[in-house]
Amino acid sequence: MKLPEREHYCYQPSYCEENIWHLCQQPEFQHSDVIVMASKGRFFPIRCQRKANTPTEPLLWDYHVVLLWHAAPDARYILDFDTTLAFCTPIADYFRQAFLDESLLKPRFVPLFRVMPSGEYAEKLLSDRRHMRDEYGWLAEPPPWSPTSVTESNLHKFTDMSDADYGQILTAAQLL
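Owing to the predicted nature of the structure, the values given are computational and were not obtained by experimental measurement. (Residues numbered from 1 in each chain as written. Predicted model: local features only at pLDDT ≥ 70, side-chain atom pairs only at ≥ 80, totals over all residues. Heavy atoms only, no water.)

Novice: Just checking my understanding: could you explain the overall build of the chain for this structure?
Specialist: A count of helices and strands for the chain gives five helices and ten strands. Relative to the compact-globule value of 16 Å for 176 residues, the chain shows a C-alpha radius of gyration of 15 Å, a close match. Expressed along its principal axes, the backbone C-alpha trace of the chain runs to roughly 40 × 40 × 35 Å. Counting across all 176 residues of the chain, residues that qualify as buried make up 52%. (Helix = DSSP H or I, 4+ residues; strand = E, 2+ residues; numbered from the N terminus. Rg over C-alpha atoms; globule rule 2.2 N^0.38 Å. Buried < 20%, exposed > 50% of the residue type's maximum accessible area, 1.4 Å probe, protein only.)

Next up, the structure:
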């Protein structure tokens, strides 16, 4: 089986929700799941991220979005544009390498995982990119493509782990 490669898909750093939204449009991923990671605190630590100084140094994300690809009945892979691991990594390997032992974290910083079908995510996500602007302008260079919405944003409903409107919220153990 040939695994997907990062270079073959739309990507813009700091816009994980849109990168994965575009991935959901690809026929090979239409029966996959989207995972939105966040915590009940303001951020959670994750290793193996390209923006970190080293792969082992935890980076603090307010949220992160990846794709859970069901390549075969017994083969599930995480597709993460921002990881230093392979773009397409078996889910157990990804979790083992990317996440800290939860017992080392305060409960509010333990990541939770909103899991939903890729088609639902592609249909429901609205982002006009307002979360990427402040009074001085863009926090990160915007993608060359149009946003998923021009006037609305419901991204906060996906990243707020106390909001149960979309998908199912799971712990790492439940997801694995």
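So, next bit.
Novice: What am I meant to see in helix 2 (residues 91-98) here?
Specialist: Because an α-helix packs 3.6 residues into every turn, residues spaced three or four apart end up facing the same way. Regarding helix 2, the residues found buried are Ile91, Tyr94, Phe95 and Ala98. Around the axis of helix 2, the buried residues are gathered within 95° of arc, so they sit on the same side. (Arc of directions from axis to C-beta.)

Novice: How should the pattern of salt bridges be read in this particular structure?
Specialist: Where charged atoms from two side chains of opposite charge approach closely, those side chains can pair. In the structure shown here, the tally under the stated rule is seven salt bridges. The partner of Arg96 in a salt bridge is Asp93, and the shortest N-O contact between them spans 2.9 Å. Note that Arg96 and Asp93 are positioned in helix 2 at a spacing of three residues, about one turn of the helix. With a relative accessible area of 53%, Arg96 lands in the exposed category. On the basis of relative accessibility, which here comes to 27%, the residue Asp93 falls in the partly exposed class. The salt bridge partner of Lys157 is Asp163, with a shortest N-O separation of 2.8 Å. On the basis of relative accessible area, Lys157 is assigned to the partly exposed category, the value being 21%. (Salt bridge = Lys/Arg side-chain N within 4 Å of Asp/Glu carboxyl O.)

Novice: Help me out: how do you make sense of the sheet that holds strand 7 (residues 112-117) in this one?
Specialist: To summarise the sheet geometry, strands pair through backbone hydrogen bonds and adopt either a parallel or an antiparallel arrangement. Pairing is antiparallel in the open sheet, where six strands are placed in the order 6-5-4-1-7-10. The open sheet has two edge strands with one neighbour each: strand 6 (88-90) and strand 10 (168-170). Strand-to-strand twist of the sheet, defined as the mean angle between neighbouring strand axes without regard to direction, takes the value 30°. Of the strand pairs in this sheet, strand 5 (residues 75-79) and strand 6 are connected by three bridges, and their pairing is antiparallel. Across the sheet, Ile78 pairs through a bridge with Thr89, a residue of strand 6. Seen against the sheet, helix 1 (residues 16-24) touches strand 1 (33-38), strand 4 (64-72) and strand 5 and runs at an angle of roughly 25° to strand 4. Along the sheet, helix 2 contacts strand 1, strand 4, strand 5, strand 6 and strand 7; its crossing angle with strand 6, the most-contacted strand, is approximately 90°. (Pairing = 2+ DSSP bridges. Axes fitted to C-alpha atoms, helices over the stretch in contact; angles between N-to-C directions. Contact = heavy atoms within 4.5 Å.)

Novice: Just to check I follow, could you spell out the nonpolar core for this structure?
Specialist: For soluble globular proteins, the rule of thumb is that nonpolar side chains tend to be buried together. Of all hydrophobic cores here, the largest spans 29 residues; its most connected members are Ile20, Leu23, Val34, Val65, Leu67, Leu79 and Tyr121. If you list the elements that add at least two residues to this core, you get helix 1, strand 1, strand 4, strand 5, strand 7, helix 3 (118-124) and helix 4 (155-159). Residue contributions to this core peak at five residues, all from helix 1. Sequence-distant contacts of Ile20, that is, excluding residues within four places in its chain, are made with Val34, Val65, Val66, Leu67, Leu79, Phe81 and Tyr121. In this structure, Cys48, Val66, Ile91 and Ala98 belong to the second largest nonpolar core, which totals 22 residues. (Core = buried A, V, L, I, M, F, W, Y, C linked by side-chain atoms within 4.5 Å.)

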